Amino acid sequence: MAEVILRHIAKAYDKGTNVIKDVNIDIKDREFVVLVGPSGCGKSTLLRMIAGLEEITDGDLLLDGQRINDLPPKDRDIAMVFQNYALYPHMTVYDNMAFGLKLRNMPKDEIRKRVMQAAKILDIENLIDRKPKDMSGGQRQRVAIGRAIVRNPKVFLFDEPLSNLDAKLRGQTRIELQKLHRELLTTMIYVTHDQIEAMTLGDRIVVLRSGDVMQFDTPLKLYNQPANLFVAGFIGTPPMNFLAGQIVRKDSTLCFLSKQKTLTLPLTDTGHEQSLKTYEGEEVIMGLRAEDISVSLIETNQTLYVTTIQVVEHMGSEVLAYFTIEEQRFVAKLSGDTLLEFGQSVYVGWNLGKAHFFDAKTELAIR
Amino acid sequence: MKKWMPYLLVSPYLLHFSVFVAFPVVFSVVLTFHSWNIISPMKYVGLANYRHLIHDRLFWQAVWNTVRFLIVHIPLQILVALTLAELLNRTVRGASFFRAAFFLPVIVSGVVVTILWQQLLSYNSGILNRLLTTVGMARVAWLDDPAVAMYSIAVMATWKNVGLYIILFLVGLQSVPVQLYEAADLEGATNWQKFRYITLPMINPTIFTVVVLSTIGGFSLFVEPYIMTEGGPMNTTLSAVMYIYRQAFQYYHMGYSATLGFCFALIILFVVIIQRRYVEQEV
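Residues numbered from 1 in each chain as written. Chains lettered and ligands numbered in written order. Predicted model: local features only at pLDDT ≥ 70, side-chain atom pairs only at ≥ 80, totals over all residues. Heavy atoms only, no water.

### Thoughts on the overall build of chain B
1) Next: When its secondary structure is counted, chain B shows 13 helices and two strands.
2) Next: If you line up chain B on its principal axes, its C-alpha atoms span 75 × 70 × 35 Å.
3) Next: By the burial criterion, 40% of the 283 residues in chain B qualify as buried.
4) Next: Considering only intrachain contacts with a sequence separation of at least 6, the fraction spanning at least 24 residues in chain B is 64%.
5) Next: Accessible surface computed for chain B: about 16,200 Å², of which carbon and sulfur atoms make up 70%.
6) Next: One finds the centroid of the 17 positive side-chain charges in chain B at a distance of 10 Å from the centroid of its 11 negative side-chain charges. (Helix = DSSP H or I, 4+ residues; strand = E, 2+ residues; numbered from the N terminus. Buried < 20%, exposed > 50% of the residue type's maximum accessible area, 1.4 Å probe, protein only. Contact = heavy atoms within 4.5 Å. Areas by Shrake-Rupley, 256 points an atom, 1.4 Å probe, with all protein chains shown as cover. Lys, Arg positive; Asp, Glu negative; His and termini not counted. Charge placed at Lys NZ, Arg CZ, Asp CG, Glu CD.)

### Section: the UniProt feature "domain: ABC transporter" (unreviewed entry) in chain A
1) Next: UniProt records the feature "domain: ABC transporter" (unreviewed entry) at residues 4–235 of chain A, using the numbering of this structure.
2) Next: Between the C-alpha atoms that bound residues 4–235 of chain A the distance is 25 Å, and the span itself is 37% helix and 25% strand. (UniProt positions renumbered as here; feature names shortened; annotations may be inferred.)

### Description of the domain arrangement of chain A
Residue and element names in this part refer to chain A.
1) Next: Domain assignment breaks chain A into domain 1 (4–234) and domain 2 (241–359).
2) Next: Put simply, the middle of domain 1 and the middle of domain 2, counted by C-alpha atoms, are 39 Å apart.
3) Next: Facing eight residues of domain 1, the contacting portion of domain 2 comprises six residues.
4) Next: In total, about 640 Å² of surface goes out of reach between domain 1 and domain 2, with carbon and sulfur atoms giving 62% of it.
5) Next: In this structure, the connection of domain 1 to domain 2 is made through zero salt bridges.
6) Next: In this assembly, domain 1 and domain 2 are joined by two residue pairs in polar contact (both at pLDDT 80 or more).
7) Next: Its residues assigned to classes, the side of domain 1 that touches domain 2 shows five nonpolar, three polar and no charged. (Domains from an automatic or database assignment. Buried area = accessible area lost by both parts, 1.4 Å probe. Salt bridge = Lys/Arg side-chain N within 4 Å of Asp/Glu carboxyl O. Polar contact = N/O pair within 3.5 Å; in protein donor to acceptor, adjacent residues only side chain to side chain. Nonpolar A, V, L, I, M, F, W, Y, C, P; charged D, E, K, R; others polar.)

### Topic: the interface of chain B and chain A
1) Next: Each side of the interface is counted separately: chain B has 16 residues, and chain A has 23 residues.
2) Next: Contact between chain B and chain A buries roughly 1,700 Å² in total, counting both sides, with carbon and sulfur atoms accounting for 65%.
3) Next: In this structure, Arg48(A) and Glu182(B) form a salt bridge, with 2.6 Å as the shortest nitrogen-oxygen distance.
4) Next: On the surface where chain B and chain A come into contact, there are eight residue pairs in polar contact (both at pLDDT 80 or more).
5) Next: Per element, the largest residue contribution to the side of chain B that touches chain A is eight residues, and it comes from helix H8 (residues 178–187) of chain B.
6) Next: Classifying every residue of the side of chain B that touches chain A gives ten nonpolar, three polar and three charged.

### A short note on the UniProt feature "transmembrane region" (unreviewed entry) in chain B
All names here are of chain B.
1) Next: Those residues carrying the UniProt feature "transmembrane region" (unreviewed entry) are residues 12–39, 59–85, 97–117, 162–181, 202–223 and 251–274 in this numbering.
2) Next: This span, residues 59–85, is 100% helix and 0% strand, and a straight line between its end C-alpha atoms measures 37 Å.
3) Next: Secondary structure across residues 251–274 divides into 88% helix and 0% strand, with the first and last C-alpha atoms of the span separated by 34 Å.

### Some details on the UniProt feature "domain: ABC transmembrane type-1" (unreviewed entry) in chain B
1) Next: Within this numbering scheme, the UniProt entry marks residues 63–275 of chain B as carrying the feature "domain: ABC transmembrane type-1" (unreviewed entry).
2) Next: Within the segment residues 63–275 of chain B, helix and strand shares are 76% and 0% respectively, and the terminal C-alpha atoms sit 18 Å apart.

### Remarks on helix H3 (residues 108–122) of chain A
1) Next: For H3(A), which comprises 15 residues, the first-to-last C-alpha distance of 21 Å matches the rise-based estimate of 21 Å (1.5 Å per residue) to within 8%.
2) Next: Its buried side turned inward, H3(A) meets helix H2 (93–103), helix H4 (137–149) and helix H5 (167–184) of chain A. (Expected span 1.5 Å × (residues − 1).)

### Some points on the sheet that holds strand E16 (residues 303–308) of chain A
Residue and element names in this part refer to chain A.
1) Next: Judged by pairing direction, the sheet is antiparallel, and its three strands sit side by side in the order E15-E20-E16 without closing on themselves. Where the open sheet ends on each side, the last strands, each with one partner, are strand E15 (293–296) and E16. Recorded for the sheet is a direction-independent mean angle of 30 degrees between the axes of neighbouring strands.
2) Next: Pairing of E15 with strand E20 (residues 345–350) involves four bridges; the strand directions are antiparallel. Residue pairing in the sheet places Ser294 in a bridge with Gly349 of E20. (Pairing = 2+ DSSP bridges. Axes fitted to C-alpha atoms, helices over the stretch in contact; angles between N-to-C directions.)

### A look at the pattern of salt bridges
1) Next: This model, assessed by the stated rule, comprises 23 salt bridges over all chains.
2) Next: Glu160(A) is paired through a salt bridge with Lys43(A); the nearest N and O atoms lie 3.9 Å apart. Of this pair, Glu160(A) sits in the loop between strand E7 (155–159) and H5 while Lys43(A) sits in helix H1 (residues 43–51), and the two are 117 residues apart along the sequence.
3) Next: Classification of Lys43(A) by relative accessible area gives buried; the value is 5%.
4) Next: The residue Lys102(A) makes a salt bridge to Asp95(A) at a minimum N-O spacing of 3.1 Å.
5) Next: Given a relative accessible area of 42%, Lys102(A) falls into the partly exposed group.
6) Next: Each of the salt bridges in this network shares a partner with another, and the network as a whole consists of Lys11(A), Arg48(A), Glu54(A) and Glu182(B).

### A word on the packing of aromatic side chains
1) Next: Using the criterion set out here, one finds 26 aromatic pairs over all chains in the structure.
2) Next: With a centroid separation of 5.4 Å and 70 degrees between ring planes, the pair formed by Phe97(B) and Phe98(B) is classed as edge-to-face.
3) Next: Among the aromatic side chains, those forming a connected cluster through ring pairs are Phe32(A), Phe156(A), Phe158(A) and Tyr190(A).
4) Next: Taking NZ or CZ as reference, Arg147(A) lies 4.9 Å from the ring centre of Tyr88(A), over its face.
5) Next: Cation over ring: Arg289(A) sits above Tyr223(A), and NZ or CZ is 3.9 Å from the ring centre. (Phe/Tyr/Trp six-rings, centres within 6.5 Å; stacked < 30°, edge-to-face > 60°. Lys NZ or Arg CZ within 6 Å of the ring centre and 35° of its normal.)

### Examining helix H9 (residues 191–202) of chain B
1) Next: Helix length check: H9(B), at twelve residues, gives a terminal C-alpha distance of 15 Å against a target of 16 Å (1.5 Å per residue), a fit within 8%.
2) Next: Restricting attention to buried positions, one finds in H9(B) the residues Gln193(B), Lys194(B), Phe195(B), Ile198(B) and Thr199(B).
3) Next: In this fold, the buried residues of H9(B) make contact with H2 of chain A together with helix H3 (57–89), helix H7 (149–174) and H8 of chain B.

### A word on unusual backbone geometry
Residues and elements named next belong to chain A.
1) Next: Of note, the amide linkage connecting Thr237 to Pro238 takes the cis form, showing an omega dihedral of -10 degrees.
2) Next: Among the secondary structure elements, Pro238 is positioned in the loop between helix H8 (229–234) and strand E11 (241–250).
3) Next: For Asp22, which is not glycine, the phi torsion reads 45 degrees and is therefore positive.
4) Next: Note on placement: Asp22 falls in strand E2 (residues 18–27).

Next comes the structure, spelled out in structure tokens:
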């Protein structure tokens, strides 16, 4: 059992800068929770506060119901994997992994058993006598994870553990981390700035921005029902397209009025009807996923705009097409066999039923 | 560029090197096989100087004195410098003041420092003895007791040089990644365990540098005993370099002095090689 609860957690430095503001998160036992956000959003600070490496200015941090704000790191029964691995360079892999256990005066046989067991799980048995400098980044990464595993802690913390690995290795390690989580059945809290890592690893994801929780939800919910403009723009590659406008009523139907167009809203699809009604006459922002935009060389019944292709990115399985609509940069994700070229004139349209709407002032989603 | 241009450019250094480094080294090796008092012509004596050296009890006492000095000086130097560096490495108030204060003796002339300490350690009027008598303890003959004098000098030399080694240790300490300590915190290490298992091994190269530098510095011990004790009492503070100096410039035994210097250099080389071996095993 390891349930981590953050209640009104805040952190301020001496000069009065609030890096973490009133964070409330309930992490269930055995859950894999990812903290994600842009640089400087406070995700690493929050993780370090859970570890006990940073002081908590305000609020309660509960581990299995016990308040651990004032417990030193060693008494929290939490292990952490650092971004740069933080392996002891003068020790062998074995000694690195055994260090914490030796400090706890565990019998030698038991230490050996645990280290070898962890080495087996991580497939690093053959490296056991090497020193960190004689290993690759990926191998060091495993040792760092091994050092956390041997202690059998209640909670694992990961601070951007994959950011120093190359893309291929990052993909592999992501899969192995998922496997590891299933095998160890332990609560894991993972920090990353990479939303793909967040989406693939997390049972639930905390999206942070400037020390505030923007949304705490499952990956699919974050993608399909972003709570606000920030989450909508942050989660998903390529990012969501936005168009500012107004909700107006025209001939008793609700319409989205942008600078150039008046688009009738098919409210029956969206379920936004009730809430959007209340926004009549108000400024809103419409959001569209790249895959919900259609681009064709001939006019169709979906066509809303005529524009010119500015950039085409062929990704193999898909094509990303960039163009401008109402002075906004738009990107559409099309199937891989789409043949488009720079400078081509295209007809762009979308299904308004898939559109997201946000309050232009509060930036909150309108549902 | 002309072909001779590079040679011209390096010639000032080469000239300096040949006259003041290469020539004296070669000449002193030649001297070891001669008897020479500067005035009369050199006389070839073969290995006589070396034979004399082997039986020269005063030389071996001087070497032993120097070793005694090092045995106290080096550990003390490391202990004090490392402790102060550890303290200064924390965010203490006025750290930069202390850093400057500890470094000051390093840049003050050795002669000045030595004279100051002579006053400080004086049997009758020294502050230290006055303090002792104030608290009801007996005076100590810091510089006149054969059993104490060399150690007094070792303490003084430590005080004089500690600032330099504090800086070296500070650089070493600051090069240890903070994450290692954080990782150790999470693993349950106490402050002492962190120091023992992380700091010490991580700054091992710095410790080696300090050991070598203070060994070489210690072997060249001269100013302190020359001014404070003139090698006494009973030759207990006669350092090897002082003895070499005496042979050359008081007795004008240039050939013998060169022999002493040459052998002493071999001893230093031998010691440093041993130290290096030891450290290479450790790292």
